[in-house]
Amino acid sequence: MKVKLMSWNEVFLRGFNLWIKSYTSGLKKYYECEGDLVISLMLYFHEAALEKGLSGWRNGIVQEKKIIGYNRVDLMLGDEVAFEVKFEPDYPDMPRTRKPVTNTVLKRPDRIISKYAGLTDEESQMRLYEIELDFIKLMAYKQKGIPYNYLLCLDEDGRLYRNLANSFKTQKIQKINIPWKSIRRGIDAQKVYYFLWQA
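This structure is a prediction, so every number in the text was calculated from the model and none was measured. (Residues numbered from 1 in each chain as written. Predicted model: local features only at pLDDT ≥ 70, side-chain atom pairs only at ≥ 80, totals over all residues. Heavy atoms only, no water.)

Undergrad: Give me the lowdown on helix H1 (residues 8-25), citing residues and values where you can.
TA: In this model, H1 (18 residues) spans 26 Å end to end at C-alpha, consistent with the 26 Å of a helix rising 1.5 Å per residue. Here H1 has its buried residues at Trp8, Asn9, Val11, Phe12, Gly15, Phe16, Leu18, Trp19, Ile20, Ser22 and Tyr23. (Helix = DSSP H or I, 4+ residues; strand = E, 2+ residues; numbered from the N terminus. Expected span 1.5 Å × (residues − 1). Buried < 20%, exposed > 50% of the residue type's maximum accessible area, 1.4 Å probe, protein only.)

Undergrad: Outline the pattern of salt bridges, listing residues and values.
TA: The full count for this structure, using the stated rule, is 12 salt bridges. Put simply, glutamate 51 and arginine 14 hold a salt bridge, and the shortest N to O gap is 3.0 Å. One end of the pair, glutamate 51, is in helix H2 (residues 34-51); the other, arginine 14, is in helix H1, and 37 residues separate them in sequence. Glutamate 51 sits in the partly exposed class, given a relative accessible area of 38%. Looking at arginine 14, the relative accessible area reads 34%, which means it is partly exposed. Two residues, arginine 185 and aspartate 188, come together in a salt bridge whose shortest N-O distance is 2.7 Å. What makes arginine 185 buried here is its relative accessible area of 2%. (Salt bridge = Lys/Arg side-chain N within 4 Å of Asp/Glu carboxyl O.)

Undergrad: Can you tell me about the state of the cysteines, naming the residues and giving the values?
TA: Here, disulfide denotes a covalent bond that connects the sulfur atoms of two cysteines. Taken as a whole, this structure holds zero disulfides when the rule is applied. In this structure cysteine 33 is not part of a disulfide, and its nearest cysteine sulfur, from cysteine 153, lies 15 Å away. Accessibility expressed as a relative area gives 33% for cysteine 33, which makes it partly exposed. A relative accessible area of 0% means that cysteine 153 is categorised as buried. (Disulfide = S-S within 2.5 Å.)

Undergrad: For the sheet that holds strand S2 (residues 72-77), give the residues involved together with the corresponding values.
TA: Read from one edge to the other, the open sheet built from six strands follows the order S1-S2-S3-S6-S8-S7, with strand pairing classed as mixed. At either end of the open sheet lies a strand with only one pairing partner, and these are strand S1 (61-66) and strand S7 (181-184). Each neighbouring strand pair of the sheet contributes to a mean axis angle of 30°, computed without reference to strand direction. Both S7 and strand S8 (residues 191-198) contribute to a ladder of four bridges, which runs antiparallel. Residue pairing in the sheet places serine 182 in a bridge with tyrosine 193 of S8. The strands touched by H1 are S1, S2, strand S3 (81-88), strand S6 (148-155), S7 and S8; relative to S6, the strand with the most contacts, the crossing angle is about 10°. Together, S2, S3, S6 and S8 form the strand contacts of helix H6 (residues 130-144), whose direction differs from that of S3 by roughly 175°. (Pairing = 2+ DSSP bridges. Axes fitted to C-alpha atoms, helices over the stretch in contact; angles between N-to-C directions. Contact = heavy atoms within 4.5 Å.)

Undergrad: Got a sec to walk through the environment of leucine 138? Specific residues and values, please.
TA: Position of leucine 138 relative to the elements: it lies in helix H6. Between the C-alpha atoms of leucine 138 and isoleucine 113, which are 25 residues apart in sequence, the distance is 9.1 Å. With sequence-adjacent residues up to four places away left out, leucine 138 is seen in contact with Ala82, Glu84, Asn149, Tyr150, Leu151, Trp197 and Ala199.

Undergrad: Please set out the nonpolar core residue by residue, giving values where relevant.
TA: Most often, soluble globular proteins have nonpolar side chains that are buried together. If you look at the biggest cluster of nonpolar residues, it comprises 32 residues, and the most contacted ones within it are Trp19, Leu37, Leu41, Phe45, Leu77 and Phe83. Where this core is concerned, the elements lending two or more residues are H1, H2, S2, S3, S6 and S8. The residues touching leucine 41, leaving out its near neighbours within four places in the chain, are Phe16, Trp19, Phe83, Val85 and Leu152. By size, the runner-up hydrophobic cluster in this structure holds 29 residues, among which are Ala117, Ile136, Met139 and Ile176. (Core = buried A, V, L, I, M, F, W, Y, C linked by side-chain atoms within 4.5 Å.)

Undergrad: Could you give an account of the packing of aromatic side chains, with specific residues and numbers?
TA: Using the criterion set out here, one finds 16 aromatic pairs in the structure. On the basis of an interplanar angle of 50° and a centroid distance of 6.2 Å, the ring pair of phenylalanine 16 and tyrosine 194 is categorised as tilted. One end of the pair, phenylalanine 16, is in helix H1; the other, tyrosine 194, is in strand S8, with 178 residues separating them in the sequence. Judged on exposure class, the residue phenylalanine 16 and its partner tyrosine 194 are both buried. Taken together, a centroid distance of 5.8 Å and an interplanar angle of 75° make the contact between phenylalanine 45 and phenylalanine 83 edge-to-face. Of this pair, phenylalanine 45 sits in helix H2 while phenylalanine 83 sits in strand S3, and the two are 38 residues apart along the sequence. A relative accessible area of 0% places phenylalanine 45 in the buried class. Taken together through their ring pairs, the aromatic side chains of Phe12, Phe16, Trp19, Tyr23, Tyr31, Phe45, Phe83, Phe87, Tyr150 and Tyr194 make up a single cluster. (Phe/Tyr/Trp six-rings, centres within 6.5 Å; stacked < 30°, edge-to-face > 60°.)

Below is the structure:
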């Protein structure tokens, strides 16, 4: 019997579930930065693509791809899935001077992104934190025609879990119900928080 090829969204969901299983059962080392996490996720997406023989998988998973203007997405799977990642690390001997890592820089949204996402003129002039900008980018990508758009936020110290909703300035993002979940990090059983949001 011929194996049915998966779509890139199925690859994404399967790969994400493989990553969660690995993360909660015991990784061999801590993630120290967002890049470590992105590479780890990408390996599980490759594994999921190979499982079902998705053609062109080697070239189908791309880092830092431009979609609208100069904006880049962390990972793009085929032409179907745009994926942004935000990570607040916490590992033994992490220098306190490195905290916080995420949601520290304020930037204005790109003009074209603001238009696609439906921001007001006033909102498009606001200086916003990185995670709010990622929500907005993914909304814009959906309007541009990318069918599946996801944001993973992994918070290992609880800072974002406690404070993220209070940092939002735009009406669209303030209305989002963030689907936080708690899990135990397998390497040391520490309780951590994450959400996977879809635009």
